[in-house]
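Remarks on the overall topology
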Amino acid sequence: MQRNKASDLRSARWFAPDDLRSSGHRSRMMQMGYAPEDWAGRPVIAILNTWSDANPCHAHFRHRAEDVKRGILQAGGFPLELPAMSLSESQVKPTTMLYRNLLAMEAEELLRSHPVDGAVLMGGCDKTTPGLVMGALSAGLPMIYLPAGPMLRGNYRGEALGSGSDAWKYWDERRAGKLDEAAWGGVERGIARSYGHCMTMGTASTMTAIAEALGLTLSGASSIPAADSEHIRMSAATGRRIVAMVWENLTPDRIVTPAAVRNAAVVAMATGCSTNAVVHLLAMSRRAGVSLTLDDLDAVGRVTPVLANIRPSGKTYLMEDFYYAGGLRALMAGLGDRLDRAAMTVSGLPLGETLEGAETINADVIRPLDNPVYHEGALAVLKGNIAPDGCVIKPAACAPHLLVHEGRAVVFDNYPALKAGTEDLDFDWSPDDVLVLRNAGPQGGPGMPEWGMLPIPAKLVKLGVRDMVRISDARMSGTSYGACILHVAPEAHIGGPLAAVRTGDRIRVDVPNRAISLLVGDAELEARMRALPLRKPYYGRGYGWLFARHITQADQGCDFDFLETGFGAPVPEPDIF
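Structural notes, computed from the coordinates. Remember, it's a predicted structure, so these values are computed and weren't measured experimentally. (Residues numbered from 1 in each chain as written. Predicted model: local features only at pLDDT ≥ 70, side-chain atom pairs only at ≥ 80, totals over all residues. Heavy atoms only, no water.)

1. Concerning the overall build of the protein
To keep it simple, the criterion reads: Runs of H or I in DSSP of at least four residues are treated as helices and runs of E of at least two as strands, each being numbered from the N terminus. Radius of gyration: C-alpha atoms only; globule rule: 2.2 Å multiplied by the number of residues to the exponent 0.38. Between buried and exposed lies partly exposed: a residue is buried under 20% and exposed over 50% of the maximum accessible area for its type, with that area taken using a 1.4 Å probe on protein chains only. The contact definition used throughout considers only heavy atoms, calling two residues in contact when any of these lie within 4.5 Å. Computed with the Shrake-Rupley method and a 1.4 Å probe, the accessible areas treat only the protein chains shown as cover for residues. The sign given to each residue is positive for Lys and Arg and negative for Asp and Glu; His and the chain ends receive no count. For the purpose of locating charges, the reference atoms are NZ of Lys, CZ of Arg, CG of Asp and CD of Glu.
Counting its regular elements, the protein contains 20 helices and 14 strands. What you see for the protein is a C-alpha radius of gyration of 24 Å, in line with the 25 Å of a compact globule of 577 residues. Dimensions of the protein, computed from the C-alpha atoms along their principal axes, are close to 80 × 55 × 45 Å. Counting across all 577 residues of the protein, residues that qualify as buried make up 59%. Residue pairs in contact within the protein that sit at least 24 positions apart in sequence constitute 76% of those at least 6 positions apart. Approximately 22000 Å² of the protein is accessible, and the part contributed by carbon and sulfur atoms is 53%. Separation of charge centres in the protein, based on 58 positive and 64 negative side chains, amounts to 2 Å.

What follows is the structure, encoded as structure tokens:
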């Protein structure tokens, strides 16, 4: 590609012309104390910062933005920090998934409407990675992703605690009467000890790893703990690199290609990824104009072993251990020719060159191909008469005896009913039962909340049961585990077959053969479907109203239909008059 000259800079449309409108642009910049020497002939770099007081994962981003600015200035660029939606996973309700696409819209329009030539995307907490990347892909400017980094490992009485995973584990112990309030308080205080995102291989770690595998971060960036001084240096290096990318005209369409998307899918499976990787990677790839389906992801999963021995798919280690063991660079190097090493990256080098010198320091944390944590990939896609468009399970993180299972369905139409039902000690619960929660999908939730790790009934918890088959059109936290079958499509709220399941029905699950079946006849199922009542919309106005009318189903990535690349003609540059 031909290198840009100063006259080619997009920002020059705002600042360079000798006319009244551009004079106003320059004057208002000088109002803030800047001078023409700050921007003239220099790439103007947007820093999309998702910091907020409500987001502990990004608590360090105020400081990291300054580190990025330092790098931009070092390289001869001009930084402009633009705040973007923070999407705090722990605080935003009913779910950040309701707002992922709103962040994507905001990111796209921030970049399109401002006088910027390139962008640094600062994210990490679950939906911020796909939201920022989706928007920036649609905007099309040179961009680089800066991952927040995982928090330090948790600690309680000398035991390492993992985000989410140990919360679910110890909460079940408390429900079983084995953990008192004081001990539970110790877990609460010790499980999140620093800024940074979850340090298990949950959705945040999964999505930042996917961003790196797509070629959108500096090599090794996604593994660096948030509190490590190397994270500061990486942030400055990211700032320097985006300036060079603008001069090189290295746009995302040259990076996020079919080869890069396949690389991302392979790496996701090898990390023991979150189930949420499916819905986000589908949406991200479609924004890049790359075709990707559930069947494609399942095919990758069948031949890609889990190499990262990180909870919840692994048994012992956390992201801090992963970094010390060599990080994602080592894992990708270990995948060998399973990755397309010719794929371009933001470094300006093909992936293979960025991995030169990578080595595994601890082969128990990052396993070799001949000694994997799990012989197949982290995820499997099942299909059948209650999920004709597919559903997702994480076989590497569930009890092996439940991979082939048949049991009685116990059905709940909403979460309050589920919560009350699973606390009912008088119900004749069996460990072989199949819990079903419906009306929790993209429209039913609304927003497809992380309710899918359905609680084990209290009666069974007290008997020592810690896993059973659970089915839902919801998602679950990437830090969760168990035999949870999720993302059932189409969802019950819009009349999907899950809406026709009744308590007492038999359901059969066969993960090796990728099958899930409601054991009723076709005629009976069709009669039940015809008798389903129409469900009322959840929202009567506002953003939720827009969401419900344009959200796609889980098997398509849950993007808004009008934001997908194939919806219409490309959006032109803004007029400046």
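2. Here's the deal with the sheet that holds strand 1 (residues 44-49)
Threshold: Any two strands are treated as partners once DSSP identifies two or more bridges connecting them. Axis definition: a line fit to C-alpha positions, over the contact stretch in the case of helices; interaxial angles, taken between N-to-C directions, run 0 to 180 degrees.
Pairing is parallel in the open sheet, where 4 strands are placed in the order 2-1-3-4. At either end of the open sheet lies a strand with only one pairing partner, and these are strand 2 (78-83) and strand 4 (143-147). Geometrically, the sheet is characterised by an average inter-axis angle of 20° between neighbouring strands, direction not taken into account. Note that strand 3 (residues 118-123) and strand 4 share 5 bridges and pair parallel. Paired with Gly123 across the two strands is Pro147, which belongs to strand 4. Taken strand by strand, helix 4 (residues 61-74) contacts strand 1, strand 2, strand 3 and strand 4, and its axis lies near 165° from that of strand 1.

3. Structural notes on helix 2 (residues 20-31)
Basically, it comes down to this: Given the number of residues in a helix, its expected span is that number minus one, multiplied by 1.5 Å. The arc in question is the one traced by the directions running from the helix axis out to the C-beta atoms.
Given a rise of 1.5 Å per residue, 12 residues ought to cover 16 Å, and the 16 Å separating the end C-alpha atoms of helix 2 matches this to within 8%. Those residues of helix 2 lying buried are Ser22, His25, Arg26 and Met29. The buried residues of helix 2 all sit within an arc of 90° when viewed along its axis, so they share a single face. When the buried face of helix 2 is taken as reference, the exposed residues oriented beyond 90 degrees from it are Leu20, Arg28 and Gln31. Buried residues along helix 2 sit in contact with helix 1 (12-15), helix 3 (36-39) and strand 2. Phi turns positive, to about 95°, at Gly33, one or two residues after helix 2.

4. Some points on the packing of helix 11 (residues 258-271) against helix 13 (residues 294-303)
Under the convention used in this document: An angle below 35 degrees is read as roughly parallel, one above 145 as roughly antiparallel, one from 65 to 115 as roughly perpendicular, and any other as oblique. Each crossing is labelled by how the near helix is turned from the far one, with a counterclockwise turn of less than a right angle marking it left-handed and a clockwise turn marking it right-handed.
One can describe the packing of helix 11 onto helix 13 by two numbers: an axis separation of 9 Å at closest approach and a directional angle of 50°. The angle between helix 11 and helix 13 places the two elements in the oblique class. The interaxial crossing formed by helix 11 with helix 13 has right-handed handedness. Along its contact with helix 11, which presents Arg262, Ala265, Val266 and Met269, the element helix 13 presents Leu297, Val300 and Gly301.

5. Regarding the pairing of strand 2
Taken together, the 6 bridges between strand 1 and strand 2 define a ladder with parallel strand orientation. Within strand 2, the residue paired with Leu48 across the bridge is Leu82.

6. Observations concerning the packing of helix 5 (residues 100-113) against helix 6 (residues 128-139)
We apply this condition: For this classification, the nonpolar set comprises Ala, Val, Leu, Ile, Met, Phe, Trp, Tyr, Cys and Pro, the charged set comprises Asp, Glu, Lys and Arg, and every other residue, Gly included, is treated as polar.
For the pair helix 5 and helix 6, interaxial distance at closest approach is 7 Å and the crossing angle is 40°. With respect to their mutual orientation, helix 5 and helix 6 come out oblique. The chirality of how helix 5 crosses helix 6 is right-handed. Across from Arg100, Asn101, Leu103, Ala104, Ala107, Glu108, Leu111 and Arg112 in helix 5, the residues of helix 6 making contact are Thr128, Pro130, Gly131, Leu132, Met134, Gly135, Ala136, Ser138 and Ala139. Of the residues belonging to the contact of helix 5 with helix 6, the class tally is 9 nonpolar, 5 polar and 3 charged.

7. Notes on the nonpolar core
Heads up, the condition is: Here, nonpolar core refers to any group of buried Ala, Val, Leu, Ile, Met, Phe, Trp, Tyr and Cys residues whose side-chain atoms link them within 4.5 Å.
With 141 residues, the main nonpolar core has Leu331, Ile471, Ile507 and Ile516 as its most contacted residues. Looking at this core, the element that brings in the most residues is helix 11, giving 9 residues. Setting aside residues up to four positions removed in sequence, Ile516 forms contacts with Leu382, Lys383, Gly384, Asn385, Ile386, Ala387, Cys391, Ile471, Ile485, Ile507, Arg508 and Val509. Among the nonpolar cores identified, the runner-up in size contains 15 residues, and Ala176, Trp429, Leu437 and Leu454 belong to it.

8. Focus: the pairing of strand 1
The criterion, for reference: By convention, orient the strands away from the viewer: a clockwise path from the first strand over the helix to the second makes the crossover right-handed.
The element strand 1 is largely enclosed, with a buried count of 6 among its 6 residues. Covered by surrounding structure in strand 1 are Val44, Ala46 and Leu48 together with Ile45, Ile47 and Asn49, the residues of both alternating faces. As for the winding sense of the linkage, the β-α-β connection from strand 1 through helix 4 to strand 2 is right-handed. The pairing of strand 1 with strand 3 spans 5 bridges and is parallel. Residue pairing across strands places Asn49 opposite Met122, the latter belonging to strand 3.

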